[in-house]
Amino acid sequence: MTAAPERAPVDCAHCGLPVPGGDPASAAPQFCCNGCRAVHHMLREAGLGEFYRLRDRMGEAPPGQAARPAEVYARYDDPAFAERFVRRADDAAEVELHVDGVHCTACVWVMDQLPRVLPGVAASRLDFGRQRLWLRWRPDEAPLSSIAGFLHGIGYPSRPLGAEADAARRRADRSELIRMAAMLAVAGNVMLLSFALYAGAFSGIEARFARFFEWLSLALAIPAVTWGAWPFYRGAWAGLKLRVAHIDLPIALGIAASFTASAINTARGSGEVYFDSVTALVALLLVGRFIQHRGQRAAMNRAELLSALTPDVVRRVRDDAAERVGIAEVEPGDALRVETDETVPADGVIEAGGGHVDQRLLTGESRPVAVGPGDRVHAGTTCVGGGFTLRVEAAGPESRLGRLVAMIDRADGQRAPIVRMADRLSGGFVGAVLTLAAVGGVAWAIIEPGRAFDVVVALLVVSCPCALGMATPVALAVARRRAADVGIVLGSTAAIERLAGVERVWFDKTGTLTEGRMAVAGAWLPTELRAPVGALERRSQHPMGRAIAAWAAEGIEPGVIDAVGLRDVREIAGQGIGGTLADGRRLFIGSVGETPGPFAGQVQAALDRGQSPVAVRIDGRPVGALALGDRLRPGAAEAVERLKGMGVGVGLLSGDHPAVVRAVGAALGIGDARGGQSPEAKAAVLAATGGAMAGDGFNDAPALRAAEVGLAMHGGAEVALQVADVYLARPDPRAVAAAIEGARAAMRVVRRGLGVSLVYNAVFAHLALVGLISPLVAAILMPISSISVIAHAVSARSFRRRVSGAL
């Protein structure tokens, strides 16, 4: 038997949901329920049919239509789209999308639930400040178009990043302003009608005029509770669909309840009406949310991390004249002028001039590098001598520094535990408010029925936990920005909470507590081995190796070291470096170990002086020894004292000889100083004792990963942030103390914000419940709490300079 062809779905003329048994051939409006039919009829009768055309023109598709946007997102599955916007990661794929409809931190919570409700979605994260959604999904289980369609269906249409997304954001901002202005106009007109009714209640008014004003108020209120309040319905609907309590739910219920009661009383011709209250409520909520949204978006914009590391204004050269322009105006192909002590603003090639560039931020190299015409320089580096003109190749997010910031953004996948706790608290608070509203409504219906709706609406609105949900993420984002200003680059906001809870810090010695610029203080080595030793140590990346290479080059004819043949060179972190000479012998330079051989006396003397002995071996046999000295950094003692003053224990882990490490520990007042520690041994200590580790992003990588918090002071941000949580731009031990002090200050700001939010909501919820707050006052008070939380976070100085010239 041939199956009947499937009938095309028919959308409801009002809400857009499928119409059961709808007739596609009919040109008449069709509805999914009698409620939609009644509202549609009232709008037409009131002469407000223009509402539907305006809604469609503003891009506010009803939820039913938005749930099936196959034609809109089909391009997301196109190979050309994937090549441009999608990154592959093993059997999964990753993409970043610009998402509309994001207006509060509850939207972040909603997006976090996608892996739970959508098959194929492995992880999701919403960047509230930039309205960007990061998705990891398995394409073989779900196409990207179906995920985007689901998001569209719950009120979050998406677009790929780029100029299209920026234009969409501007359109959304314009739409928000239009909606707000229209609702203010509606509220003003309804208020005028209400004044006439209030005046008539005292001085008398003909019944026909009173009824006319009531019906006219109803007609004007309909756009306010439909199109005007649509963002709140959309947020509530998205939460319900994902089975979470969105903070818009009590607001949506309050608006719907007050309007429904007023409409029923108007139809009956008796009872109180609240059209003035409900329209003013919608208008004030939109105004408050607009201000709140702008403040939060500015505070949490992670793009500011990039601006903290690059100049805001640059000199662009055109026709041999320099003009000052904003960094955002720089494009590939522009010529920029950089002078001494200025930060390079973009990646490019030097066309004229030259000098020296400090690349410490990116590469970790402490010595400035000479550059000239034809050399490539990168954004974030600093010109420390000379000046040059460069031709821009990449700027902003496309630069090497921009990609580093993007890597930091991706590290925020693990949100801070206190942020997740605040999200759960907000969700629980919504449930408590709904329960309290139900109980309070019943109580007031018994005590004084005429005030029941006012009390319920005021309670639902004033108890919205917006401030509670945003207090933590805003404070942490601002603290991260402050930290970047003083050279403390945090891999994620979650690192702030872990850093604040640190009870012990382990330091590496060489280059961390000491200057890392070692010099040979004593040498017991055959003359013929000086050149081979110098040639081998030239290949080393360790500060001791560079010092030995520099010493070996002294007093030797130029080219002698270059002529030494070496092969199979291998450097073992924490042990030394070895290579095979031209005659086949194996030369190794490294730690003395337990068998210093014939140089035991010299080794012990060096240890007694706090110097580091190094053994030279041929085919495993000791043939020489060197002693190297390294000065303590000027801020090392102060850093240890500041940490102890905070109640933080301090320990020392080093691969150097235990006697040398103990001598350094004694000089700094560090009792637990352990020497002879390989990278693996350091990691084992951190795993056993816990605490933070401050050290080298290269040699100490295992220990930095094993620590509760890893603080890298070497290796450059690109390498360091792959193994550590924090990168310290200045090799100053005081930066470690400053990072912990700043993190603790940031957590105090977080706790104050949470406390203020909880007290604020609890106090005003109580006042609303006892009838002391009207819905209008509630609409004013609700955004004030959010704005105050943002202002508190922005004004707090969690990270600041502690001493002149250093952190």
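For the structure itself, look to the data block above.
Only a predicted model underlies this, so the values are computations on that prediction, with no experimental measurement involved.

A.B. asks: Honestly, unusual backbone geometry in this entry has me stumped. Any pointers?
C.D. replies: Excluding glycine, a negative phi dihedral is what most residues carry, and trans is how most peptide bonds are arranged. Here Asp319, not a glycine, exhibits a phi torsion of approximately 55 degrees, which is positive. Turning to its location among the elements, Asp319 is positioned in the loop between strand 6 (313–318) and strand 7 (321–326). A positive phi angle, close to 50 degrees, is found at Asp619, a residue other than glycine. Here Asp619 lies in the loop between strand 19 (612–618) and strand 20 (621–629). We classify Asp619 as exposed; its relative accessible area is 52%.

A.B. asks: Explain the sheet that holds strand 23 (residues 692–695) here, please?
C.D. replies: Strands belonging to one sheet form pairs held by backbone hydrogen bonds; the direction of such a pair is parallel or antiparallel. In space, the 7 strands of this open sheet follow the order 13-25-24-23-14-21-22, with mixed pairing throughout. Each of the sheet's edge strands pairs with one partner strand only, and the pair in question is strand 13 (488–490) and strand 22 (672–674). Strand-to-strand twist across the sheet, computed as the mean angle between neighbouring axes with direction ignored, equals 20 degrees. This element, helix 26 (residues 658–668), spans strand 21 (649–653) and strand 22 of the sheet and lies at about 155 degrees to strand 22.

A.B. asks: Is there a simple way to explain a nonpolar patch on the surface in this structure?
C.D. replies: Taken together, the side chains of Val442, Ile446 and Ile447 present a nonpolar region at the surface, about 350 Å² in accessible area. Position of Ile447 relative to the elements: it lies in helix 17 (residues 417–447).

A.B. asks: Just to check I follow, could you spell out the packing of aromatic side chains for this structure?
C.D. replies: Under the criterion given, the structure shown has 3 aromatic pairs. Relative to Phe764, the ring of Tyr760 lies with its centre 4.7 Å away and its plane at 50 degrees, an arrangement referred to as tilted. Here Tyr760 and its partner Phe764 are both found in helix 30 (residues 734–769), 4 residues apart, which amounts to about one turn of the helix. The ring of Trp506 has Arg504 lying over it, and the distance from NZ or CZ to the ring centre is 4.6 Å. In this arrangement the basic side chain of Arg530 is found over the ring face of Trp551, its NZ or CZ atom lying 4.2 Å from the centre.

A.B. asks: Explain the packing of helix 11 (residues 230–241) against helix 12 (residues 248–268) here, please?
C.D. replies: If you want to describe how two helices pack, look at the angle between their axes and the distance between the axes. One can describe the packing of helix 11 onto helix 12 by two numbers: an axis separation of 8 Å at closest approach and a directional angle of 125 degrees. With respect to helix 12, the element helix 11 is oriented oblique. Note that helix 11 runs across helix 12; the crossing there is left-handed. Seen from helix 11, the contacting residues are Pro231, Phe232, Tyr233, Gly235, Ala236 and Leu240; seen from helix 12, they are Asp248, Leu249, Ile251, Ala252, Ile255 and Ala256.

A.B. asks: So what exactly am I meant to see when it comes to the environment of Ala483 here?
C.D. replies: Within the secondary structure, Ala483 sits in helix 19 (residues 466–485). Each C-alpha atom, one on Ala483 and one on Ile496, is 10.0 Å from the other, the two residues being 13 residues apart in sequence. Discounting residues that sit within four places of it in the chain, Ala483 has contacts with Ile488, Leu490 and Phe799.

Conventions adopted
Residues numbered from 1 in each chain as written. Predicted model: local features only at pLDDT ≥ 70, side-chain atom pairs only at ≥ 80, totals over all residues. Heavy atoms only, no water. Helix = DSSP H or I, 4+ residues; strand = E, 2+ residues; numbered from the N terminus. Buried < 20%, exposed > 50% of the residue type's maximum accessible area, 1.4 Å probe, protein only. Pairing = 2+ DSSP bridges. Axes fitted to C-alpha atoms, helices over the stretch in contact; angles between N-to-C directions. Contact = heavy atoms within 4.5 Å. Patch = residues over 30% accessible without salt bridge, like charges linked within 9 Å, V, L, I, M, F, W, Y side chains within 5 Å. Areas by Shrake-Rupley, 256 points an atom, 1.4 Å probe, with all protein chains shown as cover. Salt bridge = Lys/Arg side-chain N within 4 Å of Asp/Glu carboxyl O. Phe/Tyr/Trp six-rings, centres within 6.5 Å; stacked < 30°, edge-to-face > 60°. Lys NZ or Arg CZ within 6 Å of the ring centre and 35° of its normal. Parallel < 35°, antiparallel > 145°, perpendicular 65-115°, else oblique. Left-handed = near helix turned anticlockwise from the far one by under 90°.

Geometry only, nothing functional implied.
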